[in-house]
Amino acid sequence: MRYSLRDLAPVPEGSDIADALRNTKDLAQHAEALGYHRYWMAEHHNMPGIASAATSVLIGHVAAHTTTIRVGAGGIMLPNHAPLAIAEQFGTLSALYGDRIDLGLGRAPGGDHAVYHALRRAGSDDFPGDVAELIGYLGEARKDAPVRALPGEGTHVPVWILGSSLYGAQLAAHFGLPYAFASHFAPDALEQAIEVYRRTFRPSAHSPAPYFMLAANVFAAETDAEGAYLRSSMQQAFARMRTGTRGKLPRPVEDVDAVIGSGTRRAVDQMLRVSATGGRDKVRAELGEMIDRYAPDEMILTSQIHDHAARRASVRIAAEMMQEMSPVMAD
């Protein structure tokens, strides 16, 4: 069972973007030493608490400071970009860092309508067509093509489809691509999406069989109480998003209900229910339950934790728990 890490380069309260980017480099090196298979970053815009807006640039920075871990996008929001531009960016990354680069593609804008307008996109809604065009640019050289991705062509950078609905599952299956589900914040369609993806998958040169990645939050610590305390930052952040309030990643609190209200907390916890929270035994059990229930080919974990040292510890504990379970899963 491969285990990977997803990072939004969070900007905690009391810090700035430069701190967040330094922490991302450090966390990637930490994850590499712990045996994580991939380190993915996501595109979001106009969010004070997230520093990964220039995703391709940050991927290059992380790849330059690591040596073996795969580095990529989880994901690039393709409607924001011309497929040629993304092919050139990831072709350049592949030329610089070899076969360590992944390209996950999403359909959401990564921001609101104002962001979409500011990115100067004309409003292309042909996501399948854009995916096919992008894959074509990264494929074998076609010297008669009127437009070629240089760099890009011939690199065959692995393309993934990311999603939180049946649409992404159907598209990934149609193209014969690996599929990652955003269950860490939108788990409602998870089981149905897995079933659709596996049942309708069409083998391709990209992937001979379906390959499914499950995303999960992890808030791991030495005690259950400490894990719950670390989780409260994410709960507060999601509560703020429900009201349209943007801000940096909040400091953790002992009593999150007193800050956001028990009703809001219950709604947030429904969104975050694909999570492992607590001490070692509890995190191990909850990760194991996810693996047993959804049978993913790979897990990708995310730990939105305010304190960087606590985040490093959570990432380490999660890796140790995944490694402990490996012999059991192999049996």
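Described in the following lines is the structure provided in the data block. (Residues numbered from 1 in each chain as written. Predicted model: local features only at pLDDT ≥ 70, side-chain atom pairs only at ≥ 80, totals over all residues. Heavy atoms only, no water.)

1. With respect to the overall build of the protein
- Each helix and strand counted, the protein has 12 helices and 9 strands in total.
- For 331 residues, the compact-globule estimate of 2.2 N^0.38 gives 20 Å, and the protein sits close to it at 19 Å.
- Considering the protein as a whole, with its 331 residues, one finds that 53% of them fall into the buried category.
- For the protein, the proportion of contacts with a sequence separation of at least 24, taken over those separated by at least 6, is 73%.
- Put simply, the protein shows about 14100 Å² of open surface, and 53% of that area lies on carbon and sulfur atoms.
- One finds the centroid of the 32 positive side-chain charges in the protein at a distance of 3 Å from the centroid of its 38 negative side-chain charges. (Helix = DSSP H or I, 4+ residues; strand = E, 2+ residues; numbered from the N terminus. Rg over C-alpha atoms; globule rule 2.2 N^0.38 Å. Buried < 20%, exposed > 50% of the residue type's maximum accessible area, 1.4 Å probe, protein only. Contact = heavy atoms within 4.5 Å. Areas by Shrake-Rupley, 256 points an atom, 1.4 Å probe, with all protein chains shown as cover. Lys, Arg positive; Asp, Glu negative; His and termini not counted. Charge placed at Lys NZ, Arg CZ, Asp CG, Glu CD.)

2. Considerations on empty space enclosed by the protein
- Taken as a whole and judged by the stated rule, the model has 1 cavity of 30 Å³ or more.
- In this structure, the largest cavity occupies an estimated 50 Å³ of space.
- In terms of lining, the largest cavity is formed by Gly136, Tyr137, Gly139, Glu140, Ala141, Arg142, Ala145, Val147, Arg148, Ala149 and Glu153.
- Tallied by class, residues from the lining of the largest cavity come to 5 nonpolar, 2 polar and 4 charged. (1 Å grid on protein atoms, 1.4 Å probe; cavity = no way out; pocket = protein on both sides within 12 Å on 5 of 7 lines; lining within 4 Å. Points joined across faces, edges and corners; volume = space filled by probe spheres on them. Nonpolar A, V, L, I, M, F, W, Y, C, P; charged D, E, K, R; others polar.)

3. Details of the packing of aromatic side chains
- Counting across every chain of the model gives 7 aromatic pairs.
- Ring geometry for Trp40 against Trp160: centres 5.1 Å apart, planes inclined by 85°, an arrangement best described as edge-to-face. Here Trp40 is found in strand E2 (residues 38-41), whereas its partner Trp160 is found in strand E5 (residues 159-163), with 120 residues between them in sequence.
- Judged by its relative accessible area of 2%, Trp40 is buried.
- Here Tyr179 and Tyr197 contribute two aromatic rings whose centre-to-centre distance is 5.2 Å and whose plane-to-plane angle is 45°, an arrangement assigned as tilted. Separated by 18 residues along the polypeptide, Tyr179 in strand E6 (residues 179-181) and Tyr197 in helix H7 (residues 190-200) bring together distant segments of the chain. Taken as a pair, Tyr179 and Tyr197 share a single burial class, namely buried.
- Counting every residue linked through ring pairs, the aromatic cluster contains Tyr179, Phe181, Tyr197, Phe201 and Phe212.
- The ring of Tyr167 has Arg107 sitting right over it, with the charged end atom 3.9 Å from the ring centre. (Phe/Tyr/Trp six-rings, centres within 6.5 Å; stacked < 30°, edge-to-face > 60°. Lys NZ or Arg CZ within 6 Å of the ring centre and 35° of its normal.)

4. Brief notes about the pairing of strand E3 (residues 70-77)
- Summarising burial for E3: 8 of the 8 residues are buried, a large majority.
- Bridge count between E2 and E3: 4 bridges; the pairing is parallel. Each residue of the ladder has a partner; that of Trp40, found in E3, is Gly72.
- Across 5 bridges, E3 lies against strand E4 (residues 101-106) in parallel orientation. Bridging from a neighbouring strand, Met77 pairs with Gly106 of E4.
- Since E3 and E4 lie parallel, the crossover through helix H3 (residues 83-97) that links them has a hand, and here it is right-handed. (Pairing = 2+ DSSP bridges. Right-handed = clockwise from strand over helix to strand, strands pointing away.)

5. Overview of the layout of surface pockets
- Each pocket or cavity is described by its volume, and for the largest pocket that value is around 1100 Å³.
- Within the residue set of the lining of the largest pocket, elements represented by two or more residues are E3, E5, helix H6 (166-175), E6, strand E7 (212-220), helix H8 (224-242) and strand E9 (298-302).
- The greatest single-element share of the lining of the largest pocket, amounting to 5 residues, is contributed by H8.
- Here the residues of the lining of the largest pocket are counted per class, giving 26 nonpolar, 17 polar and 7 charged.
- Volume-wise, the second largest pocket comes out at about 360 Å³.
- At the level of secondary structure, the elements contributing two or more residues to the lining of the second largest pocket comprise helix H5 (127-138) and E5.
- Here the lining of the second largest pocket gets 3 residues from one element, more than from any other, and that element is H5.
- Tallied by class, the residues present in the lining of the second largest pocket amount to 9 nonpolar, 6 polar and 4 charged.

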